[in-house]
2 protein chains.
Amino acid sequence: MDVTLAAGSAWTDPACPVARTVDLIGDRWSLLIIRDAMDGATAFTEFHQRLGIARNILTDRLRKLVEHGILDKSAATDGRRQTYRLTEAGQDLFTAVVALRQWGERHAFAPDEPHSVLVDGQGRELPELRPLGQDGAPLSAEASRVRKTA
Amino acid sequence: MDVTLAAGSAWTDPACPVARTVDLIGDRWSLLIIRDAMDGATAFTEFHQRLGIARNILTDRLRKLVEHGILDKSAATDGRRQTYRLTEAGQDLFTAVVALRQWGERHAFAPDEPHSVLVDGQGRELPELRPLGQDGAPLSAEASRVRKTA
DNA sequence: CCAATAGGTTGCAAAATGCAACCTATTGGA
DNA sequence: TCCAATAGGTTGCATTTTGCAACCTATTGG
């Protein structure tokens, strides 16, 4: 596998996986495009209507997401449509999207404010995601640390 | 609790917790500031040096993160320093940071490329985070759906 | 065969970002 | 006691990114 950012641009912090991920999808729109793709959107117009994003920016973001191996672009059977689908790497962002969603539910809404809910096949809300240590106990930021590369 | 964006600006998608979270921390720097705060950074200069961010932008991001209840600002015992600490809401972003980190480890590095590693108190790497259904089985994006608010 | 649909591109204005110089308060040491 | 260094900003200006609206081309269904 060969992973690259745009030609002529460099990683913000090459050794840090968080920074690399932010470099790839950390703008105002990419994650929402991915969210909608997970919710079934596949066509340009569909993303445009759901998001209210400017068309030229959407073009650019879709191109970059394809470039970065997160979306796959193909011609639909209907010859005028293009189909954008999540690659395996794109689907693997599900965990991150769920984590951001659950944080938003807890901290970005007033207690009485309604919001959409992510449910499983049986219509039940998902349990809260939490990092665990190797021993299976919940792990906090203070109880962990970043081991720098040699 | 009262949650607001900047005065004069509106949520990109008010009913969606993912979108609200992105509105709050979805720019090139906020998540990296939070990452460094989790790694022990507390002072303006410390963030500036670790990130290589422009000073005026750092000032702006720190102010917004404080405004949004993610960081807390206080005068240090050393009268010239300010101390920025994660609030409870800020610490609660740990799950999201871990999810983004683990995705980056899996998809933003070539197999032989070195990267920093997050370890628990005993120096052991964390297990991979995965969303589960109420039944405890791993849940994929396709097996879930978003239930819109009435 | 023609209007509607789909997926763009282009030009220009507005906003966000980055850089470097400057400013003020506190501090520690000679 | 004073003064250079430290810390945390602010300001002005250039560059980059974003947003809006108009335009373009190919395909489709009636």
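Residues numbered from 1 in each chain as written. Chains lettered and ligands numbered in written order. Predicted model: local features only at pLDDT ≥ 70, side-chain atom pairs only at ≥ 80, totals over all residues. Heavy atoms only, no water.

An unreviewed UniProt entry lists chain A under the name ArsR family transcriptional regulator, with Streptosporangium minutum as the source organism.

The next point concerns the UniProt feature "domain: HTH hxlR-type" (unreviewed entry) in chain A. Annotation from UniProt places "domain: HTH hxlR-type" (unreviewed entry) at residues 16–112 of chain A. Helix makes up 59% of residues 16–112 of chain A and strand makes up 10%, while its end C-alpha atoms are separated by 38 Å. (UniProt positions renumbered as here; feature names shortened; annotations may be inferred. Helix = DSSP H or I, 4+ residues; strand = E, 2+ residues; numbered from the N terminus.)

To continue, consider the protein's contact with DNA strand D. Around DNA strand D lies a shell of 19 residues, among which N56 and R61 of chain A together with R55, R81 and Y84 of chain B are the nearest. Sugar plus phosphate: this is where 67% of the atoms of DNA strand D within 4 Å of the protein reside. R61 of chain A places a polar side-chain atom, nitrogen or oxygen, 2.6 Å from a phosphate oxygen of DNA strand D. Taken together, the elements giving at least two residues each to the surface near DNA strand D come down to α4 (55–67) of chain A together with α3 (44–51), α4 (55–67) and β2 (82–86) of chain B. The class makeup of the residues in the surface near DNA strand D is six nonpolar, six polar and seven charged. (Near = heavy atom within 4 Å. Polar contact = N/O pair within 3.5 Å; in protein donor to acceptor, adjacent residues only side chain to side chain. Nonpolar A, V, L, I, M, F, W, Y, C, P; charged D, E, K, R; others polar.)

All names here are of chain B. Relative orientation of the contacting elements helix α2 (residues 30–38) and helix α6 (residues 94–107) amounts to 105 degrees, with a least axis distance of 11 Å. Between α2 and α6, the crossing angle belongs to the class labelled roughly perpendicular. Where α2 abuts α6, its residues L31, I34 and M38 lie against F94, V97 and L100. Partitioning the contact of α2 with α6 into residue classes produces six nonpolar, no polar and no charged. (Axes fitted to C-alpha atoms, helices over the stretch in contact; angles between N-to-C directions. Parallel < 35°, antiparallel > 145°, perpendicular 65-115°, else oblique. Contact = heavy atoms within 4.5 Å.)

Here we take up the environment of G90 of chain B. All names here are of chain B. As for its placement among the helices and strands, G90 is situated in helix α5 (residues 88–91). Expressed as a C-alpha distance, the spacing of G90 and G136, which sit 46 residues apart in the sequence, is 27 Å. With near-sequence residues (within four places) excluded, G90 lies in contact with M38, G69 and I70.

Here the focus is the nonpolar core. One finds I25 and I34 of chain A together with I25, I34 and F47 of chain B to be the most contacted residues of the largest nonpolar core, which totals 87 residues. For I25 of chain B, the residues in contact, after removing those within four places along its chain, are L100 of chain A together with S30, L31, I34, L65, I70 and L93 of chain B. (Core = buried A, V, L, I, M, F, W, Y, C linked by side-chain atoms within 4.5 Å. Buried < 20%, exposed > 50% of the residue type's maximum accessible area, 1.4 Å probe, protein only.)

Counting residues at the interface gives 80 residues for chain B and 80 residues for chain A. Here chain B packs against chain A, burying approximately 7400 Å² in sum over the two surfaces, 62% of which is carbon and sulfur. Broken down residue by residue, the surface that chain B buries against chain A is led by V18, W103 and R147 of chain B, which jointly contribute 9%. For the pair chain B and chain A, the number of links is eight salt bridges. Between R20 of chain B and E113 of chain A there is a salt bridge; the shortest N-O distance is 2.9 Å. For the pair chain B and chain A, the number of links is 32 residue pairs in polar contact (both at pLDDT 80 or more). Elements with a minimum of two residues in the side of chain B that touches chain A: α1 (17–25), α2, α5, α6, β3 (117–120) and β4 (145–147) of chain B. (Buried area = accessible area lost by both parts, 1.4 Å probe. Salt bridge = Lys/Arg side-chain N within 4 Å of Asp/Glu carboxyl O.)

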